Structure formats: structure tokens, C-alpha cells
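Notes for the structure review
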Amino acid sequence: MRSILIIQPNSTKLMTDALRPLVDLLGFKDTAHDYFTAPSGPKSINDEDDAAESVKHCLPELEKVLSQHDGFLVACYSKHPLVPILKELKAVKFGRKAVTGIFEASVSTSLQIIHPDEKFGIVSTGKVWEKILSEAVVDFLGTGSDAGKRFAGVETTGLNATDLHDAPPEEVRKRMKDAVKRLLKKGNVGAICLGCAGMAGMDAMVREACVEELGEDDGNRVRIVDGVVAGVAWLEGAVRSAF
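Residues numbered from 1 in each chain as written. Predicted model: local features only at pLDDT ≥ 70, side-chain atom pairs only at ≥ 80, totals over all residues. Heavy atoms only, no water.

So, the packing of helix H6 (residues 102–113) against helix H12 (residues 227–241)
H12 packs onto H6 with a crossing angle of 85° between their chain directions and a minimal axis gap of 8 Å. Between H6 and H12, the angle falls in the class roughly perpendicular. Between H6 and H12, the residues in contact are Ile102, Ala105, Ser106 and Thr109 and Gly227, Val228, Ala230 and Gly231, respectively. In terms of residue class, the contact of H6 with H12 is made up of 4 nonpolar, 4 polar and no charged. (Axes fitted to C-alpha atoms, helices over the stretch in contact; angles between N-to-C directions. Helix = DSSP H or I, 4+ residues; strand = E, 2+ residues; numbered from the N terminus. Parallel < 35°, antiparallel > 145°, perpendicular 65-115°, else oblique. Contact = heavy atoms within 4.5 Å. Nonpolar A, V, L, I, M, F, W, Y, C, P; charged D, E, K, R; others polar.)

As for H12
Relative to the 21 Å expected for 15 residues at 1.5 Å per residue, H12 spans 21 Å between its end C-alpha atoms, a close match to the ideal helical length. Restricting attention to buried positions, one finds in H12 the residues Gly227, Val228, Ala230, Gly231, Val232, Leu235, Glu236, Ala238 and Val239. Capping the start of H12 is the job of one residue whose side-chain oxygen sits 2.8 Å from the backbone nitrogen of Val228: Asp226. (Expected span 1.5 Å × (residues − 1). Buried < 20%, exposed > 50% of the residue type's maximum accessible area, 1.4 Å probe, protein only. Polar contact = N/O pair within 3.5 Å; in protein donor to acceptor, adjacent residues only side chain to side chain.)

Examining the packing of aromatic side chains
Per the stated rule, a full pass over the model turns up 3 aromatic pairs. Between Tyr77 and Phe103, the aromatic rings sit 5.6 Å apart at their centres with planes inclined by 90°, giving edge-to-face as the arrangement. With Tyr77 in the loop between strand S3 (71–74) and helix H4 (82–88) and Phe103 in helix H6, this pair connects stretches of sequence that are 26 residues apart. Grouping residues by exposure puts Tyr77 and Phe103 together as buried. Within the aromatic cluster, the residues linked to one another by ring pairs are Tyr77, Phe103 and Phe140. (Phe/Tyr/Trp six-rings, centres within 6.5 Å; stacked < 30°, edge-to-face > 60°.)

Re the sheet that holds strand S8 (residues 223–226)
Taken in spatial order, the 4 strands of this open sheet run S6-S5-S7-S8, and their pairing is parallel. Of all strands in the sheet, those with a lone pairing partner are strand S6 (151–156) and S8, marking the two edges. The average undirected angle you get between the axes of adjacent strands in this sheet is 20°. Alignment of strand S5 (residues 119–124) against strand S7 (residues 189–194), held across 5 bridges, turns out to be parallel. Bridge pairing in S7 links Ile122 to Cys193. Across the sheet, helix H9 (residues 169–184) is in contact with S5, S6 and S7; its angle to S6 comes to roughly 155°. (Pairing = 2+ DSSP bridges.)

Comments concerning the environment of Ala18
Looking at the element boundaries, Ala18 is found in the loop between helix H1 (13–17) and helix H2 (20–25). A C-alpha to C-alpha distance of 8.9 Å links Ala18 and Ala197, two positions 179 residues apart in sequence. Beyond its immediate chain neighbours, meaning those up to four positions away, Ala18 contacts His165 and Ala200.

Points about the sheet that holds strand S1 (residues 2–8)
Pairing between sheet strands relies on hydrogen bonds along the backbone, with the strands arranged either parallel or antiparallel. If you walk across this open sheet you meet the 4 strands as S2-S1-S3-S4, and the pairing is parallel. In this open sheet, the two strands that pair with only one neighbour each are strand S2 (31–37) and strand S4 (98–101). Each adjacent strand pair in this sheet contributes to an overall mean axis angle of 20°, direction not counted. In this sheet, S2 lies alongside S1 in parallel orientation, the contact comprising 7 bridges.

Here it is, written out as C-alpha cells:
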């Protein structure tokens, strides 16, 4: 049986557990999906320093299980260093094992599903991610200043990843919807990426904001892209096809 390892590089197991229902709903029953939570380290990855720190806590344990899996998904919405590091490891490179991150998967998926005249944008957590993710998109697309032709930008909630589960639900809902509406005001947004693994399952409040801002028809037209779903779906195809 094919096997995909979903790597949640912070040490909050609750966040890992929240990913399971999303993956199960995809119905890829011929593929085993295993989950890895960082054994220690940051409880929430709130900036690039946290992402770099998480590698130290994850990599020694991950190296022990590389041979057991065909594909790997790094479930942190950032330009996470584990993605290129895993791709460089001998067992991955020469085993032609597939690796992606939820950031890379969501951007790639968005570009494929929107109209050429539309843009995609990202809703994320703390304000620090506005600059970090904007720069990451420009780097990933390789387009420099022309990225604005397809990329609407990043809007944030002011909550960190653990706040999304621990803060009062109505506060989370309000902040998520406000961020979505600010993004939509930038114009011609065809897809919205959920810019944090902790936003798993929050599609409904994003859709509600789209409808409130754009009306029923246009609000339901906007695609909502969950990076975990996009990543697992891409890995399923990559592993099956032996790309």
C-alpha cells in the first residue's frame, strides 16, 4: 500500500489531530496516511525563526522513517525549510519520493483553478506573515514585481495558530471574516488560500464572508483552497504516477 506522511512541525498534537478528518474525507482508501507531530519545540510556528527551530526537533526523528513512506507533506503554511531539506536527503532524492508543503500546494492549486484574469490571495494568522508570505509567493512564482498580476496579497487575523482553537469561537469567526473581506476588496480574487494548518475546517466562515462581501452568486464562485487537502491530493497523484 502507498503511504504518505503528513508532518505537522509544531509540537501541538491537537493541531495534527484536526487534520485527520480533512484527509479522510478525500477517500483515498488505497493509500495509508500517517501523521507526525514534532516531539518538542515550538507549540505554534509564528515566524521564520520558529520554522527554523522546528527543523531541529523534527529532522532526527523523520530521518528514521523516510524508507517507510512514498510521499511527505509539511503541514506548516510557510516557506518551511523542511521541504527543501527533505528533498535533498538521499533516501528521498534517489528513491524519487514526492515532497511538498501546504504553502506550495495551495499556491500551485490556486493558479490552476482560477481564470487567467483572476488573482489568488492568502488569509493567515499574525501580521508578521503578511510580509513573509508575500515574499514567499514572489520567490515561489519567480516573477519578481510581476507577481501582482496573479497574486492579490495576504491579509491576517492577528491570531496565532493555537489561538484559532483556543480563542472564543466568535472572536475567531469575526477576525477570519474581516480578513477575508479585506482581501476580496483588492478586486478580482478567484481563490483564497487558508494560510495556516490551524485553519483546517474553517471553509464555512470564509464562504460566509465571501457571500456577505460579494453577494450570493459571486461569493459562491470564489474557490477556497485548504493547503492540507491540496497537498494530500497532489501527493496522491504524484505517488501514483511515479513522477
